[in-house]
2 protein chains.
Amino acid sequence: LLSDTGLATAGVAAGIKASGRPDVALMVAERAVPVAALFTQNAFAAAPVLRCREHLAKTGGLARAIVINSGNANACTGAQGEADALAMCRLTAELVGCAVEEVLCASTGVIGVPLPFEKLAAGIRRAHGELAVSREAAKRCLAAIQTTDAFEKQAGGSFTHGAHTLNVAGIAKGAGMIEPNMATMLSFVAFDAKVGPAELSQAIRRIAAGSFNAVHVDSHTSTNDSFFLLATGSQEVAGWEAHVAEVSERLAWLIARDGEGATKVTRIEVRGAENDATANEIARTIAKSALVRTALFGNDPNWGRFVSAAGNSAHVRVASEVSCVLLGTTVFERGEPTVFDKAQLSRALSQTDDVRLELQVGPGPGRATVLTSDLGYRYVEINAEYTT
Amino acid sequence: LLSDTGLATAGVAAGIKASGRPDVALMVAERAVPVAALFTQNAFAAAPVLRCREHLAKTGGLARAIVINSGNANACTGAQGEADALAMCRLTAELVGCAVEEVLCASTGVIGVPLPFEKLAAGIRRAHGELAVSREAAKRCLAAIQTTDAFEKQAGGSFTHGAHTLNVAGIAKGAGMIEPNMATMLSFVAFDAKVGPAELSQAIRRIAAGSFNAVHVDSHTSTNDSFFLLATGSQEVAGWEAHVAEVSERLAWLIARDGEGATKVTRIEVRGAENDATANEIARTIAKSALVRTALFGNDPNWGRFVSAAGNSAHVRVASEVSCVLLGTTVFERGEPTVFDKAQLSRALSQTDDVRLELQVGPGPGRATVLTSDLGYRYVEINAEYTT
């Protein structure tokens, strides 16, 4: 839980969501701490994303507080949206007693609708009044960042390094979009080690590459996707990055698991490519194929789809160098089908929500792993039936 | 019909398909005629594709006959598959009385299963015996290239240019894959004008760019995709390319319409990009989004998905330059939502199978159109329920 890293948190219901569920969250550190963040590359980046980029540039990667609302993405909302994002930070800064640049913000929910700012402001005030470094407060904070997630996503752990204990905790809001245009992924990971802003902003790219940036649910990046990484500690702890990466990978897995209507997560591991970048492209080509994702939903060990999806990448050129292993069973070897028990493998697929699909594509050193969710009826229902 | 272009055709049931439906087709010209072809770029290109590439290279773009089977793709079948593809051409060459290089071949159906060659050979012999330049024969030929298409795809017309009449006829086998691994698109377009092989092989790229290469159903190119263009005539006819392009575009539209479980075809037109290539990339990014395609299935005028899909392209950078028009209604203008009657537009979407989605992305001269099918329950059923 975030409280293990020393953060004070809060979560309240401010009436932004029609359901009356919690929708305003606040995280406050004892002092301004190093924060790195990665944001959507979408041209329609939401107002809070634009605001955060500006604040992080001004502070050089420090923040005291993060204020978040769910139920409304404040995206495609024009000049009013930008003013609202600033006002949201300004109010939080006044309450916390810090510079406005030391406040970051995030929003998730419906696109294209102005924020109900009076409700939000009242919620921020109430959340500030309830701030606490406690497990209960951390749970309320987690609840308030959800939109239509099927389950809450958190991960963390305590890791002992010599005399030091490192606490890492993360929460995320995933790819559930029952209402149209739910602007999607938010992740917050904190850990109580001392790390400088420059080091943190380099590490976040490596960590995201193996976690949040390795998830494919939709071939569609939302306007609000944000990943914040906070270093709240005052002591240096060697080896922190591996633990933070592990927690981030777990959160990413949970996001894929909650991909809309997903029944399983498939780890697509590509080896033998020319380099890691081409391995990544091959893995993404497979992860994006609707034919691959429906086969996984159907528990179908359909190597033809996996292999021909790989063959669609410009980086797979020699068919006879390609082998494919599904859940430990070799289904295609050096360019030709193998003999295997399809019924048994199909049964094995139906009995796990963590599928491993390995592709050897050549003799090269390049390797990459991406995660994808399967594509089933629920995905269509969720995304087609809820007409605006 | 292909017979209008002077081709002798045949289609017979040889027992390759368990259903007993027609599965061997033959097209024979009076003499070796210029043929251009485009094939899948997939690394696992099927044996008939490899064979055709070799024959066309040897003849410099001439062919006398094309022999086709459905029910088996002869893909991922190794050395035996390559021998079978050659034997298929050799038998046809003997029967027709031409060089083996003057015979092209195509297969469509299940991947990874050896061709039942004796059945196929008997079918080719019988088809040769039934060759005729007649509408009935052309219909049998069309029937024999189908696999699980919901309807037969043909297009054509007669066009008068001064003293000349140009006949254009095309048939296609589309993206229906009820059985797993159905290796997909085959298209054959013939026209009775005189065109040299070099001119033909340049024209086919332009024609395909606006037709078969503009269709997106799956983000997944099959191992067997082939488009053959035959110039059967002995008289030069000016302006033939526009008519052949028109017929090819109609066939491509029919293929998208028969996208698995599709209820409509959406033409995504992007304008204002830096150049045509970037416009094409933007249009493809939108066409590939599962969120866009499910919204279309749900008749949901969900501009947030269309616009944010465009925003995922690296070539869309200035949100305030983007406008979006759906079925003639402006739903997003210069970076901001418009006010429109959602219920009415949703109704209009539900009443057509030919949807036009226009995106203006900037002030540039680049433009492109791609076609996509929508993504509904039937797609999942077709692709998930038929376990190997």
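Not measured: the values here are computed from a predicted model.

Undergrad: Is there a simple way to explain helix 10 (residues 342–350) of chain B in this structure?
TA: The periodicity of an α-helix, 3.6 residues per turn, causes residues three or four positions apart to be oriented the same way. All names here are of chain B. Taken together, the buried positions of helix 10 are Leu345, Ser346 and Leu349. Seen along its axis, helix 10 keeps its buried residues to an arc of 100°; they face one direction. Among the structural elements, strand 11 (323–326), strand 12 (329–333) and strand 14 (354–360) are those in contact with the buried residues of helix 10. One side-chain oxygen of the residue at the start of helix 10 lies 3.2 Å from the amide nitrogen of Ala343, identifying that residue as Asp341.

Undergrad: When you look at the packing of aromatic side chains in this model, what are you seeing that I'm missing?
TA: The description of an aromatic ring pair rests on the distance of the ring centres and on the angle between the ring planes. Residues and elements named next belong to chain A. Taken as a whole and assessed by the stated rule, the structure comprises 14 aromatic pairs over all chains. Judged by centre distance (5.7 Å) and plane angle (80°), the ring pair of Phe39 and Phe228 falls under edge-to-face. Pair noted here: Phe39 is in strand 2 (residues 24–39) and Phe228 is in strand 9 (residues 226–231), with a separation of 189 residues, a long-range link. Measuring from ring centre to ring centre gives 5.7 Å for Phe297 and Tyr377, while their planes differ by 85°; the resulting arrangement is edge-to-face. Of this pair, Phe297 sits in helix 8 (residues 290–297) while Tyr377 sits in helix 11 (residues 377–384), and the two are 80 residues apart along the sequence. Relative accessible area serves as the criterion here: at 19%, Phe297 is assigned to the buried category. A network of ring pairs unites the aromatic residues Phe39, Phe188 and Phe228 as a single cluster.

Undergrad: Whenever I open this one, the sheet that holds strand 10 (residues 265–273) of chain B confuses me. Can you help?
TA: Sheet strands pair by backbone hydrogen bonding; their relative direction is either parallel or antiparallel. Residues and elements named next belong to chain B. Reading across the sheet, the seven strands line up as 8-15-10-14-11-12-13 and stay open at both edges, with mixed pairing between neighbours. What marks the edges here is a single partner per strand, and that holds for strand 8 (215–216) and strand 13 (336–337). Relative to strand 14, strand 11 runs antiparallel, the two being bridged by four bridges. When the bridges of strand 14 are listed, Leu326 appears paired with Leu357. Of the strands in this sheet, strand 8, strand 10, strand 14 and strand 15 (366–373) touch helix 7 (residues 276–288), which is tilted by about 25° from strand 15.

Undergrad: Help me understand the relation of the copies chain B and chain A, please; the structure alone is not making it clear to me.
TA: Look at the two chain copies: a rotation about an axis and a shift along it is all it takes to match them. Mapping chain B onto chain A is achieved by rotating through 180° and translating by 0.0 Å along the same axis, at an RMSD of 0.0 Å. The transformation just described matches what one would write down for a two-fold rotation axis. In terms of proximity to the rotation axis, the leading residue of chain B is Tyr377(B), whose C-alpha is 2.9 Å off the axis. Of the residues that chain B buries at the interface, 100% are likewise interface residues in chain A, meaning the two copies contact each other through the same surface.

Undergrad: Where do I start with the nonpolar core in this structure?
TA: Soluble, globular proteins show a tendency: their nonpolar side chains are buried together. With 54 residues, the main nonpolar core has Leu2(B), Val24(B), Ile68(B), Leu104(B), Ile171(B), Phe188(B) and Phe228(B) as its most contacted residues. With 10 residues, strand 2 (residues 24–39) of chain B is the largest single contributor of residues to this core. Excluding residues that lie within four positions of it along the chain, Phe188(B) makes contacts with Met27(B), Ile66(B), Ile68(B), Ala106(B), Ile145(B), Ala169(B), Gly170(B), Ile171(B) and Phe228(B). Counting residues in each nonpolar core, the second largest holds 53 residues, with Leu56(A), Cys89(A), Leu186(A) and Ala190(A) among its members.

Undergrad: Got a minute to help me understand the pattern of salt bridges in this structure?
TA: Pairing is possible between side chains of opposite charge, provided their charged atoms come close. Residues and elements named next belong to chain B. Under the counting rule described, the total for this entry stands at 26 salt bridges over all chains. Arg206 is the salt-bridge partner of Glu241, the closest N and O atoms lying 2.8 Å from each other. Placement of the pair is Glu241 in helix 6 (residues 240–257) and Arg206 in helix 5 (residues 197–209), with a sequence separation of 35 residues. When its relative accessible area of 23% is taken as the criterion, Glu241 is described as partly exposed. Exposure remark for Arg206: the relative accessible area of 48% places this residue in the partly exposed category.

Undergrad: Can you help me understand the packing of helix 7 (residues 276–288) of chain A against helix 9 (residues 303–311) of chain A in this one?
TA: Two quantities define a packed helix pair, namely the angle between the axes and the distance from one axis to the other. All names here are of chain A. Running from N to C, helix 7 and helix 9 point in directions that differ by 135°, and their axes come no closer than 8 Å. One way to sum up the angle between helix 7 and helix 9 is to call them oblique. For the pair helix 7 and helix 9, the crossing hand works out as right-handed. Across from Ile282, Thr285 and Ile286 in helix 7, the residues of helix 9 making contact are Phe306, Ala309 and Ala310.

Undergrad: What should I look at first to understand the interface of chain B and chain A in this one?
TA: Often, the extent of an interface is quoted as the loss of accessible area upon association of its parts. With 60 residues of chain B at the interface, the matching set in chain A holds 60 residues. With both sides pooled, the region where chain B packs onto chain A buries about 4,700 Å², and carbon together with sulfur makes up 58% of that total. Linking chain B with chain A are zero salt bridges, by the criterion used here. Our enumeration of links across chain B and chain A arrives at eight residue pairs in polar contact (both at pLDDT 80 or more). Every element with two or more residues in the side of chain B that touches chain A is listed here: helix 2 (78–96), helix 8 (290–297), helix 9 (303–311), strand 13, helix 10 and helix 11 (377–384) of chain B. Top element by residues in the side of chain B that touches chain A is helix 9 of chain B. It accounts for seven residues. By residue class, the composition of the side of chain B that touches chain A is 27 nonpolar, 23 polar and 10 charged.

Undergrad: When you look at the environment of Ser107(B) in this model, what are you seeing that I'm missing?
TA: Residues and elements named next belong to chain B. Positionally, Ser107 belongs in strand 4 (residues 103–110). Among the residues examined, Ser107 registers a relative accessible area of 1% and is labelled buried. For Ser107, the residues in contact, after removing those within four places along its chain, are Pro48, Asn69, Asn72, Ala73, Asn74, Met88, Leu186 and Asn224. A distance of 2.6 Å separates a polar atom in the side chain of Ser107 from a polar atom in the side chain of Asn69.

Basis of the calculations
- Residues numbered from 1 in each chain as written.
- Chains lettered and ligands numbered in written order.
- Predicted model: local features only at pLDDT ≥ 70, side-chain atom pairs only at ≥ 80, totals over all residues.
- Heavy atoms only, no water.
- Buried < 20%, exposed > 50% of the residue type's maximum accessible area, 1.4 Å probe, protein only.
- Helix = DSSP H or I, 4+ residues; strand = E, 2+ residues; numbered from the N terminus.
- Arc of directions from axis to C-beta.
- Contact = heavy atoms within 4.5 Å.
- Polar contact = N/O pair within 3.5 Å; in protein donor to acceptor, adjacent residues only side chain to side chain.
- Phe/Tyr/Trp six-rings, centres within 6.5 Å; stacked < 30°, edge-to-face > 60°.
- Pairing = 2+ DSSP bridges.
- Axes fitted to C-alpha atoms, helices over the stretch in contact; angles between N-to-C directions.
- Least-squares fit on C-alpha atoms with pLDDT ≥ 70 in both.
- Core = buried A, V, L, I, M, F, W, Y, C linked by side-chain atoms within 4.5 Å.
- Salt bridge = Lys/Arg side-chain N within 4 Å of Asp/Glu carboxyl O.
- Parallel < 35°, antiparallel > 145°, perpendicular 65-115°, else oblique.
- Left-handed = near helix turned anticlockwise from the far one by under 90°.
- Buried area = accessible area lost by both parts, 1.4 Å probe.
- Nonpolar A, V, L, I, M, F, W, Y, C, P; charged D, E, K, R; others polar.

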